[in-house]
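The lines below spell out each chain.
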Amino acid sequence: MKKLVVSKRGRNVIASPIRKFLPLMQAAEAKGTKVFRLNVGDPDLAPPPEFLQTVKKYNLPTLAYAPSPGIKAHMVAWQKYYKQFGLSLELNQMLPTVGCAEAIMLALQAVADFGDEIIVFEPLYASYKSFSVMTGIKLIPITLPIEKNFAMPPASVIEKKITARTKAIVIINPDNPTGKLWSPAELNTVVKIAKKHNLFIISDETYREIRFNGKPYCLLSDKSARQNVILTDSVSKRFSMPGARIGCVASFNKEIMSAILKFAQARLSAGTLEQLGLVPLLNNSRPYVSKVVKEYKKRQKVVAEGLKKIKGAVFKPAQGAFYQAVGLPIKDAEDFVRFMIGKFSYQGKTVMVTPMQDFYITPGKGKNEIRIAYVLNTKDLKVAMDILARGVAAYGRQ
Ligand SMILES: Cc1ncc(COP(=O)(O)O)c(C=O)c1O
């Protein structure tokens, strides 16, 4: 008789590198150890109160599906939100999604078929690796070395990776996990390559405003690349509300938006209540967003100060998002994390960070690197950074 077997993609997909240490962490906490969690990009800040206030006012007799292209008031609010970045988008050039995660999935499936290739820069947000297994789209990595502060290589290096099956290049700006901001020159190079080779650019701007210098930038505002760029966006980080599960996908390319709409119709809609609750936030995002950016900037400094005390740590202060990538004087960051959670504590406390290995596609890369998500208030973060330094020293003495 035929056996029940899980699909190859079901077997091949990786567990979230961020969540795979959860059982160890829970065991440490059960023993009474306080674990400072610097591993998940889950903001600790309270979201704007207008969200729940609006949701609580909902008084329709049913809770219906929202339309696939979005609730009109919600999309008009996104339209207004994008105006501040010099972007004039029509309602049919945007579509609300279940987080940026779904926006990425829709964009990938709109540009590429099974076996097609997408160029990405590694290290990269690990979910792209899972999306690639789920969709059968191949990721072709270009490594950005930590020693060069994740600077983009010359155009020729990228162009060498382009084949007849290449469909798009992914840019995450500001970047997770590196905290890198893409410079105008780097973005220009990517745009030029995309236009020369007729490629799409999937521009993941989940962290757009969370940058510590300069003005937030949206790649869709580059008029020269309008047909190439597909923007994937999210409210998760800028409004500290990943649980709302709302994102947005936008493009000036009619065919792309038409394909995305048809995909979106199959999965029906993004949440009705969440779309309504977000209207006042998108209509007036600046006050809240500038407050949280100030807070992340303070935290970034605390992290950088803490890292300076670790001999042999390789890093440049992050320029955006709320992550710091660091090369540590260790051989295996996964082993180090297991040590920190399972064997080490200082005054009953320890720190959980994310090993960077799974953020790479190329085997063996990033083995000594960790990512710190600064989702902790500055007072606790100082303590956590001190514990991390002590942990690195103790690990070295083992
Ligand atoms: C770069 C990047 N893209 C997309 C996502 C997914 O975001 P969302 O919560 O909107 O699905 C994340 C989440 O951490 C991210 O860091």
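Residues numbered from 1 in each chain as written. Predicted model: local features only at pLDDT ≥ 70, side-chain atom pairs only at ≥ 80, totals over all residues. Heavy atoms only, no water.

## Some points on the sheet that holds strand S5 (residues 166-172)
At step 1: The strand order across the open sheet built from seven strands is S2-S8-S7-S6-S5-S3-S4, with neighbouring strands paired in mixed fashion. Each having just a single partner strand, strand S2 (94-97) and strand S4 (138-143) make up the two edges of the open sheet. On average, each strand axis in the sheet is inclined to that of its neighbour by 25 degrees, with strand direction left out of account.
At step 2: Bridging between strand S6 (residues 200-204) and strand S7 (residues 229-234) involves four bridges; their strand directions are parallel. Counted as the bridge partner of Ile 201 is Val 229 from S7. (Pairing = 2+ DSSP bridges. Helix = DSSP H or I, 4+ residues; strand = E, 2+ residues; numbered from the N terminus. Axes fitted to C-alpha atoms, helices over the stretch in contact; angles between N-to-C directions.)

## Brief notes about the domain arrangement of the protein
At step 1: Its domain assignment divides the protein into domain 1 (8-46 + 287-397) and domain 2 (50-284).
At step 2: Using only C-alpha atoms to locate each centre, domain 1 and domain 2 end up separated by 26 Å.
At step 3: Contact residues are listed per partner, giving 40 residues for domain 1 and 37 residues for domain 2.
At step 4: Across the domain 1 to domain 2 interface the summed buried area is about 3300 Å²; carbon plus sulfur atoms make up 64%.
At step 5: Per-residue buried area on domain 1 facing domain 2 is highest for Gln 319, Phe 359 and Ile 361; these three make up 20% of the total on that side. (Domains from an automatic or database assignment. Contact = heavy atoms within 4.5 Å. Buried area = accessible area lost by both parts, 1.4 Å probe.)

## Quick notes on the side chain of Glu 209
At step 1: Note that Glu 209 resides in the loop between S6 and S7.
At step 2: Overall, Glu 209 belongs to the buried group, its relative accessible area being 7%.
At step 3: Of note is the side chain of Glu 209, whose polar atom sits 2.7 Å from the side chain of Tyr 81.
At step 4: One polar contact links Glu 209 to Arg 238, side chain to side chain, over a distance of 2.6 Å.
At step 5: The contact partners of Glu 209, leaving out residues within four places of it in the chain, are Tyr 81, Phe 85, Pro 216, Arg 238, Val 289 and Val 293. (Buried < 20%, exposed > 50% of the residue type's maximum accessible area, 1.4 Å probe, protein only. Polar contact = N/O pair within 3.5 Å; in protein donor to acceptor, adjacent residues only side chain to side chain.)

## Details of the packing of helix H12 (residues 333-342) against helix H13 (residues 378-397)
At step 1: Packing of H12 against H13 brings their axes to within 10 Å, and their N-to-C directions diverge by 110 degrees. By the criterion of interaxial angle, the relationship of H12 to H13 is roughly perpendicular. Every pair of crossing elements has a handedness; the one defined by H12 and H13 is right-handed. On the side of H12, the interface is formed by Asp 335, Phe 336, Phe 339 and Met 340, while H13 contributes Ile 387, Leu 388, Gly 391, Val 392, Ala 394 and Tyr 395. (Parallel < 35°, antiparallel > 145°, perpendicular 65-115°, else oblique. Left-handed = near helix turned anticlockwise from the far one by under 90°.)

## Quick look at the side chain of Asp 116
At step 1: Structurally, Asp 116 is set in the loop between helix H5 (99-111) and strand S3 (117-122).
At step 2: Filtering out sequence-adjacent residues up to four positions away, Asp 116 remains in contact with Gly 136, Ile 137, Lys 138, Arg 165 and Lys 167.

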